[in-house]
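Coordinates in review
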There are 2 protein chains.
Amino acid sequence: MYFDNAATTPVDPEVLDAMLPFLREKFGNASSIHFFGQETRAAVDKARQQVAALINARPTEVVFTSGGTEANNLAIRGFVEAIVDTRDVKPHIITSGIEHPSVTNVAEDLEKKGVEVTYLPVYADGIVRIEDVENALREATVLISVMAANNEIGTVQPIAEIGKFVKNLRSTGRKIWFHTDAVQAAGKIMVDVEEIACDLLTISAHKIYAPKGIGALYVRRGTRLHPQSLGGRQERGIRGGTESVPLIAAFGKAAELASQLVETDSKRLGDLRDDFESRIFERFGDAILNGDRTRRLPNISNIAFPGIEGEALLINLDMQGIAVSTGSACSSGSLEPSPVVRALGADDARARSAIRFSFGKQNTADEVDRILEVLPDAVERLRSLSPSKTARSESSAA
Amino acid sequence: MYFDNAATTPVDPEVLDAMLPFLREKFGNASSIHFFGQETRAAVDKARQQVAALINARPTEVVFTSGGTEANNLAIRGFVEAIVDTRDVKPHIITSGIEHPSVTNVAEDLEKKGVEVTYLPVYADGIVRIEDVENALREATVLISVMAANNEIGTVQPIAEIGKFVKNLRSTGRKIWFHTDAVQAAGKIMVDVEEIACDLLTISAHKIYAPKGIGALYVRRGTRLHPQSLGGRQERGIRGGTESVPLIAAFGKAAELASQLVETDSKRLGDLRDDFESRIFERFGDAILNGDRTRRLPNISNIAFPGIEGEALLINLDMQGIAVSTGSACSSGSLEPSPVVRALGADDARARSAIRFSFGKQNTADEVDRILEVLPDAVERLRSLSPSKTARSESSAA
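Chains are numbered independently. Their residues run from 1 in the order of the written sequence. Chain letters start at A and ligand numbers start at 1, both assigned in the order the entries are written. For a predicted model such as this one, the threshold for reporting local features is a pLDDT of at least 70, and the threshold for listing and counting side-chain atom pairs is 80 or more; totals across whole chains, interfaces and linings nevertheless cover every residue. Heavy atoms from the whole structure form the basis of all side-chain values; hydrogens and water molecules are not counted.

1. Side note on the overall build of chain A
The criterion, for reference: We count a stretch as a helix when DSSP gives it H or I for four or more residues in a row; a strand needs E for two or more, and each element gets its number in order from the N terminus. To get the radius of gyration, use the C-alpha atoms; to get the globule rule, take the number of residues to the power 0.38 and multiply by 2.2 Å. Remark: exposure states derive from per-residue accessible area (1.4 Å probe, protein chains only) relative to the maximum for the residue type, with buried under 20%, exposed over 50%, and partly exposed in between. Pairs of residues are marked as contacts when any of their non-hydrogen atoms sit within 4.5 Å. Here the open area of atoms and residues is found with the Shrake-Rupley method and a 1.4 Å probe, where only the protein chains shown may cover a residue. We score Asp and Glu as negative and Lys and Arg as positive, and we do not count His or the chain ends. By convention, charge coordinates are those of NZ in Lys, CZ in Arg, CG in Asp, or CD in Glu.
Broken down by element type, chain A carries 13 helices and 10 strands. Against the globule reference of 21 Å for 398 residues, chain A gives a C-alpha radius of gyration of 22 Å, in line with a compact fold. Its C-alpha atoms give chain A principal-axis dimensions of about 70 × 55 × 35 Å. Counting over 398 residues, chain A shows a buried share of 66%. Within chain A, counting contacts between residues at least 6 apart in sequence, those at least 24 apart form 72% of the total. In the form shown here, chain A has an accessible surface area of approximately 14400 Å², with 51% of it arising from carbon and sulfur atoms. Between the centroid of the 46 positive side chains of chain A and the centroid of its 54 negative side chains there is a distance of 4 Å.

2. Some details on the packing of helix H9 (residues 310-319) of chain B against helix H12 (residues 365-385) of chain B
Between two packed helices, both the angle of their axes relative to each other and the distance between the axes serve to describe the pair. All names here are of chain B. Spelled out, the test is: Between the N-to-C directions of two axes lies an angle of 0 to 180 degrees, each axis being a line fitted to C-alpha atoms and, for a helix, fitted only over the stretch in contact. An angle below 35 degrees is treated as roughly parallel, one above 145 as roughly antiparallel, one from 65 to 115 as roughly perpendicular, and anything else as oblique. The hand of a helix crossing depends on one turn: near helix anticlockwise from the far one by less than a right angle means left-handed, and clockwise means right-handed. Following the grouping adopted for this structure description, the nonpolar residues are Ala, Val, Leu, Ile, Met, Phe, Trp, Tyr, Cys and Pro, the charged ones are Asp, Glu, Lys and Arg, and the polar ones are all others, Gly among them.
Between H9 and H12, whose axes approach to 10 Å, the crossing angle comes to 135 degrees. Compared by their axis directions, H9 and H12 come out oblique. Handedness of the crossing formed by H9 with H12: right-handed. In this structure, H9 contributes Ala312, Leu313, Asn316 and Leu317 to the contact, and H12 contributes Val374, Leu375, Ala378, Val379, Arg381 and Leu382. Considered class by class, the residues forming the contact of H9 with H12 number 8 nonpolar, 1 polar and 1 charged.

3. Let's talk about the domain arrangement of chain A
You'll often see interface size given as the accessible area lost when the parts meet. All names here are of chain A. Here is the rule: Domain borders in the structure are assigned automatically or taken from a domain database. Buried area counts how much accessible surface, traced with a 1.4 Å probe, disappears from two parts once they are put together, with both parts' losses summed. Throughout this description, the term salt bridge denotes a Lys or Arg side-chain nitrogen within 4 Å of a carboxyl oxygen of Asp or Glu. N or O atoms closer than or at 3.5 Å make up a polar contact, with two conditions inside protein: a donor-capable atom paired with an acceptor-capable one, and, for residues adjacent in sequence, both atoms drawn from side chains.
As assigned here, chain A comprises domain 1 (13-257) and domain 2 (262-387). Computed from C-alpha coordinates alone, the two centres of domain 1 and domain 2 are separated by 28 Å. Taken together, the contact between domain 1 and domain 2 spans 25 residues of the former and 25 residues of the latter. Both faces considered, domain 1 and domain 2 share a buried interface measuring about 2100 Å² in area, 61% of it formed by carbon and sulfur atoms. The largest per-residue losses of area from domain 1 upon contact with domain 2 belong to Glu152, Ile153 and Tyr209, which jointly make up 33% of the total buried on that side. At the junction of domain 1 with domain 2, the criterion picks out 1 salt bridge. A salt bridge links arginine 295 to aspartate 125; its shortest N-O distance comes to 3.2 Å. Applying the counting criterion to the domain 1 and domain 2 interface returns 9 residue pairs in polar contact (both at pLDDT 80 or more).

4. Side note on the relation of the copies chain B and chain A
The criterion, for reference: In superposing the copies, a least-squares fit is computed on C-alpha atoms, taking residues whose pLDDT is at least 70 in both.
Expressed as a screw operation, the relation of chain B to chain A combines 0.0 Å of axial shift with a rotation of 180 degrees, fitting to an RMSD of 0.0 Å. Taken together, the turn and the small shift mark the pair as related by a two-fold rotation axis. Considering only C-alpha atoms, the residue of chain B closest to the rotation axis is serine 66 of chain B, which sits at 3.0 Å. Taken as a fraction of all interface residues of chain B, those also at the interface in chain A reach 100%, which identifies the copy contact as same-surface.

5. Looking at the pattern of salt bridges
Counted under the stated rule, the structure contains 60 salt bridges over all chains. Between arginine 293 of chain A and glutamate 277 of chain A there is a salt bridge whose closest N-O contact spans 3.9 Å. With arginine 293 of chain A in the loop between strand S8 (288-289) and strand S9 (300-304) and glutamate 277 of chain A in helix H8 (residues 245-283), this pair connects stretches of sequence that are 16 residues apart. Here arginine 129 of chain B makes a salt bridge to aspartate 125 of chain B, at a shortest N to O gap of 3.0 Å. The exposure class of aspartate 125 of chain B is buried, given its relative accessible area of 15%.

6. Concerning the pairing of strand S4 (residues 141-145) of chain A
All names here are of chain A. Selection criterion: Strand pairing requires that DSSP identify at least two bridges connecting the strands. A clockwise path from the first strand over the helix to the second, with the strands pointing away from the viewer, defines a right-handed crossover.
Among the 5 residues in S4, 5 count as buried, and that is most of the element. Pairing geometry for strand S2 (residues 92-96) and S4, over 4 bridges, is parallel. If you follow threonine 95 over to S4, its bridge partner there is serine 145. Across 3 bridges, the pairing between S4 and strand S5 (residues 177-181) is parallel. Each residue of the ladder has a partner; that of isoleucine 144, found in S5, is phenylalanine 178. As a crossover connection, the stretch from S4 through helix H6 (residues 159-171) into S5 is right-handed.

7. Focus on the pairing of strand S3 (residues 116-120) of chain B
Sheet topology places strand S2 (residues 92-96) of chain B next to S3 of chain B; 5 bridges connect them, and they run parallel. Looking across to S3 of chain B, one finds that isoleucine 93 of chain B is bridged to valine 117 of chain B.

8. Looking at the interface of chain B and chain A
In this assembly, 66 residues from chain B lie in contact with 67 residues from chain A. Taken together, both faces of the contact between chain B and chain A bury some 5200 Å²; the carbon and sulfur share is 60%. Summed over the three residues of chain B that lose the most area to chain A, namely Phe27, Lys212 and Leu230 of chain B, the buried surface amounts to 13% of that side. Inspection of the chain B/chain A interface yields 2 salt bridges. Residues glutamate 81 of chain B and arginine 77 of chain A are paired through a salt bridge, measuring 2.7 Å at the closest nitrogen-oxygen approach. Elements supplying a minimum of two residues to the side of chain B that touches chain A: helix H1 (13-19), helix H2 (35-54), helix H3 (68-84), helix H4 (101-112), helix H8 (245-283) and H9 of chain B.

9. Section: the sheet that holds strand S5 (residues 177-181) of chain B
Residues and elements named next belong to chain B. In space, the 7 strands of this open sheet follow the order S1-S7-S6-S5-S4-S2-S3, with mixed pairing throughout. The open sheet is flanked by strand S1 (62-65) and S3, the only strands paired with a single partner. On average, each strand axis in the sheet is tilted by 20 degrees relative to the strand beside it, whichever way the strands run. Against the sheet, helix H6 (residues 159-171) contacts strand S4 (141-145) and S5, and its axis sits at roughly 165 degrees relative to S5.

10. As for the side chain of threonine 242 of chain B
Tracing the chain through its elements places threonine 242 of chain B in the loop between strand S7 (215-219) and H8. There is a polar contact of 3.4 Å between the side chain of threonine 242 of chain B and the side chain of histidine 206 of chain A. The residues contacting threonine 242 of chain B, other than those within four sequence positions of it, are His206 and Lys212 of chain A together with Asn29 and Gln234 of chain B.

11. Concerning H4 of chain B
Residue and element names in this part refer to chain B. Basically, it comes down to this: A helix is expected to span 1.5 Å for every residue after the first.
When the terminal C-alpha atoms of H4 are compared, their 16 Å separation across 12 residues agrees well with the 16 Å that a helix rising 1.5 Å per residue should span. Considered for burial, the residues of H4 that qualify are Pro101, Ser102, Val103, Thr104, Val106, Ala107, Asp109 and Leu110. Summarising the contacts, the buried residues of H4 are in contact with H3, S2, S3, S4 and S5. Glycine 114, located one to two residues past H4, shows a positive phi value of around 100 degrees.

12. Side note on the environment of alanine 254 of chain B
All names here are of chain B. Mapped onto the elements, alanine 254 comes out in helix H8. Its relative accessible area of 1% is what places alanine 254 among the buried residues. Separated by 49 residues in the primary sequence, alanine 254 and alanine 205 have C-alpha atoms spaced 7.2 Å apart.

13. A look at the nonpolar core
Test applied: Buried residues of nine kinds, namely Ala, Val, Leu, Ile, Met, Phe, Trp, Tyr and Cys, make up a nonpolar core once their side-chain atoms join them within 4.5 Å.
Residues Phe64, Ile144 and Leu201 of chain A together with Phe64, Ile144 and Leu201 of chain B are the most contacted members of the largest nonpolar core, which totals 146 residues. Every residue in contact with leucine 201 of chain B, bar those within four places of it in the chain, is listed here: Ile55, His179, Thr180, Ala182, Val191, Val193, Ile196, Ala216, Leu217 and Tyr218 of chain B.

14. With respect to the packing of aromatic side chains
Here is the rule: Here a Phe, Tyr or Trp ring, Trp counted by its six-membered ring, pairs with any other such ring whose centre lies within 6.5 Å, and the pair is stacked when the planes are under 30 degrees apart, edge-to-face when over 60, and tilted otherwise. Cation placement over rings: the criterion is NZ of Lys or CZ of Arg within 6 Å of the ring centroid and within 35° of the ring normal.
The final tally for this structure, using the stated rule, is 20 aromatic pairs over all chains. Geometrically, the ring pair formed by phenylalanine 35 of chain B and phenylalanine 36 of chain B is edge-to-face, given 6.1 Å between the ring centres and 70 degrees between the ring planes. For phenylalanine 36 of chain B, a relative accessible area of 15% puts it in the buried group. Summarising the aromatic geometry, the rings of phenylalanine 64 of chain B and phenylalanine 251 of chain B are spaced 6.1 Å apart at their centres and angled 65 degrees between planes, so their arrangement reads as edge-to-face. One end of the pair, phenylalanine 64 of chain B, is in strand S1; the other, phenylalanine 251 of chain B, is in helix H8, and 187 residues separate them in sequence. Among the residues examined, phenylalanine 251 of chain B registers a relative accessible area of 0% and is labelled buried. Clustering of aromatic rings is evident, with ring pairs tying together Tyr2 of chain A together with Phe27, Phe35 and Phe36 of chain B. Its guanidinium or amino end placed over the ring of tyrosine 209 of chain A, lysine 361 of chain A lies 4.5 Å from that ring's centre, counting from NZ or CZ.

Structure (structure tokens):
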């Protein structure tokens, strides 16, 4: 049973069917002039339309990348490199304290090169305040990058408000742009680049039932980026490298299916998740929901079980055939407690006791019943082994 | 009939079989701790061994990328960025005048940032001279990047000599490194990082019968690179982003098959190519072989047919079901004549009259017979339409 859909999702059989011709007879290089190239070029064009439709963009505004990480790097580093060529002042960017490492690590890398960065707080609910964005604004601010929804706790950020704020500034002649990492949001909630009013937006295929290794950056017309992968003329010169036609075709199909999913399956997943959570909190009165109960993706549930180590619970559940995670897969192996949960004001112990359950379209109510047969016993067993057992049971109502 | 295998190759059915489980039931994120992650982690580890074996490297020295372009960018830009942190002097790099755009464009981009670059000549045979490498050396030289074999004309460069030269310099305490783009060479001729004595080496999967979207950079132990794609801890922190397990598994299988191919199929392809060429030159006494007849990959034949436009011949052949190219697919759509053929000392007319035939393991002697039934007529027809017809027939013996 797989409850780690925020780390990656299984490939939808329809998506696999859409890519198979490009792993068999339709193998041409999409840049080739001959027939073999023309048929794969057409497939890339079709997929670009499908991906654009998912986020209400124009196909020419979609740049395919090798995934969300590359897209976030291209958006932020590519944008700053294009800007510094035209300015004397060191640029300033505003981001949040709970971004994915592919945003945070780029921001920190840019800081070493003299770029100034403000990391906005998110408070106990895991949500950025628009007032904080406004207060962080400086004369030198050129970019705001705030994720659409967080990958560990699922909180949905006020990106439409930020987009409106940036748009208003631009209408007064300010040169400032807005990027949002929508890797977790796309396919789960409505993501519309016009509604968000963003200039750059990142999506990834393997979070929406397509294979790993493909993603895209939405680049609004007129937004200049310095290419990060220089080479051929692919992707209008913004991203060199032979197009991965099979993965692009798969991404296109997955985007098409995701557009439908947002309307149908998200409600079902939300109900499944809410049922799961209410039964957990009924059993464990001291369990803590990390993040905000309502302003949240429908598929993510991040819960701290005081007195246990999340990793021990993960391994215990894994031995019983249930896959969950302690945080983002990208940070696995890190000895540090989750910086996202820490950013909520949680201490190390609470951060270490967190487990992320993330639901996908293949999950069923029966699976939720089954995890609820296994999970409480596992939590109790680990608590009985914990040195802080006595202290905890005294303070707990459960 | 597909004679454009230097642009891309069909996926070997064995390679497809190797990747399919990772597009179906084995879909975990290789960074996840649970069972789903462990089984894909094992697949990535296995593929890393297979790719390492193809080039006689250690598995820990293989960094998976989204392809040859990303690997070349990481090698050169990543190396220079790691170096500039530690030096006051602006670094100098040496490369050749016939590198792939993913090397040349990175070099030109670095020039804008103050890095000095020497582009070595290749003369009429399309081959770099070791003496020119030695003469280009400066106190500030930190990197030499010369491709193993050219993608348009197939010429094999003296990389083992360059490697020896760099190794000798290093033994005297000089801080200088050597990168080679072996995208076209790997799987066609022996590529051994110990024999070449390189520090960085680029390979790509879709040139050796695996899908597009995956490649690797060999990074010799102790070689420092500044990551170009910052994010999670994947690829030992050198390249963030969720591993594309299906493509990596495919690349591993293709590398395993390629190790065998070098020994068996390369001879067959060379014979096929040589037979093709001798029959072409017999018919067209004025046709010109671009590059060197012997120091060349076995699968590439680049021929100029004076008096025709290569692109017109390409389209003519395509209409008859035969796929060839005028140069690299990456430069398709460029109005400029091939810079590689120009670097041989050819004028624009000769550069524009060039056609690249590149053979693959699926090509047969029957296909060569068939192309020789079609090609000469196509060339004659185009020549009869050419305004320079009279001038040419007077100077031609054919």
